[in-house]
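So the chains spell out like this:
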Amino acid sequence: MPRNDDIRFISSSIKIPLPSKPKPLNTPFNTAISHFTNATNSFSQFINSFKTHSTELTRTVFQKSHSLCSATLSLTDEKKVQSPLSTAEESQLKTRQSEERVLISEVLVRNKDGEELERKDLEAEAAQALKACRPNSALTVREVQDDVHRIINSGYFCSCVPVAVDTRDGIRLVFQVEPNQEFQGLVCEGANVIPAKFLENSFRDGYGKVINLRRLDEAISSINNWYMERGLFAMVSAVEILSGGILRLQVSEAEVNNISVRFLDRKTGETTVGKTKPETILRQITTKKGQVYSMHQGKRDVETVLTMGIMEDVSIIPQPADTGKVDLVMNVVERPSGGFSAGGGISSGITSGPLKGLIGSFAYTNRNVFGRNQKLNISVERGQVDLIVRANYTDPWIQGDDKRTSRTIMIQNSRTPGTIVHGNSDGNGSLTIGRTTGGIELSRPIRPKWSGTVGLIFQRAGVSDNNGVLIIRDRYNSPLTASGNTHDDTLLAKIETVYTGSGEHGSSMFVLNVEQGLPLLPDWLSFTRMNARARKGVAIGPTRLNLSLSGGHVVGNFSPYEAFAIGGTNSVRGYEEGLTVPGDPAGARNKPGSGYGYGLGIRVDSPLGPLRLEYAFNDKNERRFHFGVGYRN
């Protein structure tokens, strides 16, 4: 938030002191949601105490005049008489005297010297405030005191003294008042965050007018509310009316003095030594030293740290520091950073290899390598035909980079069936595509909700038959590789941009991906492939309508298994799985070389995950139902 210089807009030097300051907020947040609710409640109480300051300003001025209300209306001898009564009896006597009524013949409002007020409007304000005191009425001391309070409460006067004068016509009651000065300017010190225009507008209507303490109270409340609405630790801490009608405001804004991280044991809650580097946590938050602390910004910081995936609980505790500043202590509870997982079974579909019939998976994951939130994933998956071995290493924020650039290094070896592209109805679907892939990708935020990725990926791929022998043509004599060799080598340069709305499934999303084959060697493939996906979620009553559009194009020298296979629940609806293959393989199998589809569907959330049922038409006017589990790719 931008800072502004001290505001100086060019009343008896009356200084209006404030009550002692409340203790700064010191409420721990034990969870990202409930603890922030507790902290917000405490903060509200903290701010509410600020709001009472402006009322206390007026009350303090009132109290200066209340002491003047003890003047007795009885005309007594000025000589003091020694009272033989006991303390209790004397108190009872004073009570009876305060309840005694005195007949008042005339009620006037005058200045502090007993003369008529120059401004008749102020005289009318004071007279209008009187409720009990009327000519030819019998009054008690308490009733006079109440009317003195009412005159002060009108806000126009800094003092009011009731004076009883004995005349031949009876007792004349004179309220001697001292009006406040006219407001001629504002000096505001310490207001570095609040806009100068807001301060000026808060007092604009009072220029050239007698300072009204009630309106001053409202202006101070509006300033404190401005801070409170933004979750800022700040308040008007002092008000002083200077000679010449200049109003001086002192604003206290609690700047962040220091930010530290404290690790807590997940079982005992006691302080412990953490595995994560404190700087890895602190660089995630937007609150910095020297800023005015904001609860709203602190909440966003807690959510950001939680999204790192390595913390079980995060909370921020503001603590008072020297010279009106605040220290922030971030309490974090780390979750276990890594572990192994495995699953498996027996399948009759695997009849060869050292582990005949075995299917399953094995994975090792570490979410906090070296205490820097770097992630390592190693996994092995074996199915009836599939075999995938992969290793990924991700650094979500490269050290020393101020653009939040992440880096991913990937190595993968896979064997997947070629049925989708090369299979057909006569059972010729026993081809296996083997790929060895390695590469690096760099990603960074471009602007809010937008991110960009660039990468360089090398792939070596080939096709084998059901005996594991590498082949270059299928039984239709269609080529299986683009180079004519048993393997195709490709070096791909990748550029991708992604827009995400709320980040949740069903929210708005757009992805554009471009890959370019770089033929650095004569046999390496050269082709351009583009993919685009867009999705928009629209709420209609209790339901939600998801509109999606996807498409792609590939040109150049590419392998058949790199083509787009149209059809299925995660591709173009209205076609069977893998029905479309461009080029001669498609013609040989009586498959169209291109196509599009359209339709609609419903999705129901279930314990098994989202269930999707869709009905679609393709460009051949063929119709097909599709059923899927999980979100669409």
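These figures come from a predicted structure and were not determined experimentally.

Trainee: What am I meant to see in the pattern of salt bridges here?
Mentor: Pairing between side chains of opposite charge can happen when their charged atoms approach one another. This model, assessed by the stated rule, comprises 21 salt bridges. In the salt-bridge network here, residues are joined through shared partners; they are Glu116, Lys120 and Glu123.

Trainee: Looking at this structure, I do not really get the environment of Met410. What am I missing?
Mentor: Its place among the elements puts Met410 in strand 18 (residues 406-417). Measuring from C-alpha to C-alpha, the distance between Met410 and Arg390 comes to 7.5 Å, with 20 residues separating the pair along the chain. Dropping the residues within four chain positions of it, Met410 is found in contact with Ala391, Asn392, Thr437, Gly438, Gly439 and Ile457.

Trainee: I keep staring at the packing of aromatic side chains and nothing clicks. Help me out?
Mentor: Think of a pair of aromatic rings as described by two things: how far the centres are apart, and how the planes are tilted against each other in angle. One pass over the full model with this rule turns up 13 aromatic pairs. Seen from their ring centres, Phe340 and Tyr364 are 4.8 Å apart, and the 45 degrees between their planes marks the pair as tilted. Of the two residues, Phe340 sits in strand 14 (residues 338-346) while Tyr364 sits in strand 15 (residues 358-369), which places them 24 residues apart along the sequence. With 5.5 Å between their ring centres and 55 degrees between their planes, Phe458 and Trp524 make a pair best called tilted.

Trainee: I would appreciate a short explanation of the pairing of strand 17 (residues 387-395) in the present structure.
Mentor: Pairing analysis gives eight bridges linking strand 16 (residues 374-382) to strand 17, with the strands arranged antiparallel. Residue pairing across strands places Ile378 opposite Ala391, the latter belonging to strand 17. Counting the residues that bridge the hairpin from strand 16 to strand 17 gives four residues. In terms of strand pairing, strand 17 meets strand 18 through nine bridges, oriented antiparallel. Within strand 18, the residue paired with Asp395 across the bridge is Arg407.

Each value, and the rule that gives it
- Residues numbered from 1 in each chain as written.
- Predicted model: local features only at pLDDT ≥ 70, side-chain atom pairs only at ≥ 80, totals over all residues.
- Heavy atoms only, no water.
- Salt bridge = Lys/Arg side-chain N within 4 Å of Asp/Glu carboxyl O.
- Helix = DSSP H or I, 4+ residues; strand = E, 2+ residues; numbered from the N terminus.
- Contact = heavy atoms within 4.5 Å.
- Phe/Tyr/Trp six-rings, centres within 6.5 Å; stacked < 30°, edge-to-face > 60°.
- Pairing = 2+ DSSP bridges.

These results come straight from atomic positions and should not be treated as a statement about function.
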